[in-house]
Amino acid sequence: MPDAPRADALVLFGGTGDLAQRMLFPSLYFLDTDGFLPEDFRIIATARAPLEQDAFTDLVRDAVAERTGQHGIDEEIWRRFAARLEYHAADATSPEGAKVLKTALGEAKRPLFYLALSPSLYGPVCAALAGAGVAGAESRIVLEKPIGRDLASSMSTNAAVGSVFSEDRIFRIDHYLGKETVQNLMALRFANTLFEPLWNNLTIDHVQITVAETEGVGERWPYYDEYGALRDMVQNHMLQLLCLVAMEPPADMEPASVRNEKVKVLRSLRRFTRIDAERNSVRGQYTQGVVEGRSVAGYETERGAPSGAETFVALRVDIDNWRWAGVPFFLRTGKRLPERRTQIAIQFKGVPHSVFGGSAKADLVANRLIIDLQPDEDIELLLMNKAPGLSREGMRLQPLPLSLSLLKAYAGPNARRRIAYERLLLDVIHGNSTLFVRRDEVEQAWAWIDGVAEAWRESGHTPRAYAAGSWGPAGAFALTERYGRAWNDD
Ligand code: BG6
């Protein structure tokens, strides 16, 4: 793809906020370290609070230091980076605020507006930018999730932004797509001949996608109470992972090619019914328990009142197309689970006939491909193997992993795990939207999620309690067992 013209300034709304401090400034610093920021690239941060330039620069330095850890900040790079930074207090939804930013932009021709703000402000900010005349044909906008709480609100936010920025200039972030291993999923599938012929319902028994977190909701409860895990995690990250596993090979890595294939998967998701709510879904909410040796409070204690929000979801999802007919996809995500783990497990079918008799027959285990995305980046293919040794009963078999540890393969003195936002910021600077979510994708995902929420509502499905530090409510185990499968909890 020919590079689109590169951006020459970033205007970061919510510049003193949590996302900016924890992720965006450190990512920009690392991009600068590796020489990826254009020489003339300026970073203009804005928020309502008045803040002296020096105080702002100190704030950013602390945020960067937090991330560089023991390696420390390289003073020469820091000087270059700090010279790019500017802070302007402004109410970005007002014409006056937009004018402040216009003045700050000065000669910059291709600004990149990054809205690390509450989505309720997306429309008003875009209108103010248009009013100030800074949302020209070469400008771009980056939006964080959640874009809406359901299909209707998502469509109205998309329409408000779309009335100012054309779709090719809108970059909707799902930070999972910036993770190295998530992109590696495409490499694994489409840069190897080995898997693709087997990647279908003839050979694959089922797929599991787990995104387990040990963190609780804590102070984010006002957001979580309104969204719950279904809207916070499944609508975006988990459906994106599912799309990457299930999509057809795209013609190439162009944005349109990849995103068309993902939309086809989303359109093939079987709509949930009331019966599915009972049979194929589990909602949970954590109560007090112990996580990683620490006693932690339950969600309702954190929130200070009873709540109907789920902090755990498990679903059986069916994809109604030729490739995946009859292959269940089990999805599970939750807060306050025993460990942090993001994993995709592809369970193959067993051999059609065992030539091994005696005890070896019982040893047979079907092949499994395990893709660990977090915290370790690992790909393991479980293969049957003859256990060494002699036995009068014949051979014994044993599954052994063929293992590709990305950490070891790419270890080195300068190896560093990149923040997902580094990749995404670099792509948006250069106008490459392959790893961003298109409007029809986000809306199709909401349409399906609305179906789940509606099925829950109609059937009066409420979250079941699970102790913090467990793998969710008992129903989550029953969900896979009902179909003769089990979660991969090794
Ligand atoms: C965010 C969710 O999008 O992703 C959070 O809002 C969640 O609730 C986070 O904790 C998980 O991201 P990661 O990169 O830590 O797996």
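J.: I tried to follow the site of the ligand on my own but got confused; where do I start?
T.: Residues in close proximity to the ligand include Lys145, His175, Tyr176, Lys179, Glu213, Arg220, Asp232, Met233, His237, Lys335, Arg340 and Gln374, which together make up its full environment. Taking lysine 179, its side chain carries an N or O atom lying 2.6 Å from an oxygen atom of the ligand. Measuring from an oxygen atom of the ligand, one finds a side-chain N or O atom of lysine 335 at 2.6 Å. For the shell around the ligand, the leading source of residues is helix α8 (residues 221-246), giving 3 residues.

J.: What exactly am I supposed to notice about the packing of aromatic side chains here?
T.: Two numbers describe a pair of aromatic rings. These are the distance of the centres and the angle of the planes. Taken as a whole and assessed by the stated rule, the structure comprises 18 aromatic pairs. Here the aromatic rings of tyrosine 286 and tyrosine 299 are separated by 6.1 Å at their centres, their planes lie at 75°, and the arrangement is edge-to-face. Within this pair, whereas tyrosine 286 is found in strand β8 (residues 281-287), its partner tyrosine 299 is found in helix α11 (residues 299-303), the two being separated by 13 residues in sequence. Sitting over the face of the ring of tyrosine 176, lysine 179 holds its NZ or CZ atom 4.6 Å from the ring centroid. Between arginine 316 and the ring centre of tyrosine 483, over which it is positioned, the NZ or CZ distance is 4.3 Å.

J.: How do you make sense of helix α7 (residues 180-190) when you look at a structure like this?
T.: Every α-helix winds through 3.6 residues per turn, so residues three or four apart in the chain are directed the same way. Listing the buried residues of α7 in full gives Thr181, Val182, Gln183, Leu185, Met186, Leu188 and Arg189. The elements touched by buried residues of α7 are α8, β13 (341-348), β14 (368-374), β15 (378-386), α13 (406-409) and α14 (420-429).

J.: Please explain helix α3 (residues 75-84) as it appears in this structure.
T.: Looking at α3, one finds that the buried residues are Ile77, Trp78, Phe81, Ala82 and Arg84. Taken down its axis, α3 places every buried residue within 145° of arc, on the same side. In α3, the exposed positions angled more than 90 degrees off the buried face are occupied by Glu76, Arg79 and Ala83. If you follow the buried residues of α3, they end up packed against α1 (18-33), β2 (42-47), α2 (53-68) and β3 (85-89). Between a side-chain oxygen at the N-terminus of α3 and the backbone nitrogen of glutamate 76 the separation is 2.9 Å; the capping residue is aspartate 74.

Conventions used here
- Residues numbered from 1 in each chain as written.
- Predicted model: local features only at pLDDT ≥ 70, side-chain atom pairs only at ≥ 80, totals over all residues.
- Heavy atoms only, no water.
- Near = heavy atom within 4 Å.
- Polar contact = N/O pair within 3.5 Å; in protein donor to acceptor, adjacent residues only side chain to side chain.
- Helix = DSSP H or I, 4+ residues; strand = E, 2+ residues; numbered from the N terminus.
- Phe/Tyr/Trp six-rings, centres within 6.5 Å; stacked < 30°, edge-to-face > 60°.
- Lys NZ or Arg CZ within 6 Å of the ring centre and 35° of its normal.
- Buried < 20%, exposed > 50% of the residue type's maximum accessible area, 1.4 Å probe, protein only.
- Contact = heavy atoms within 4.5 Å.
- Arc of directions from axis to C-beta.

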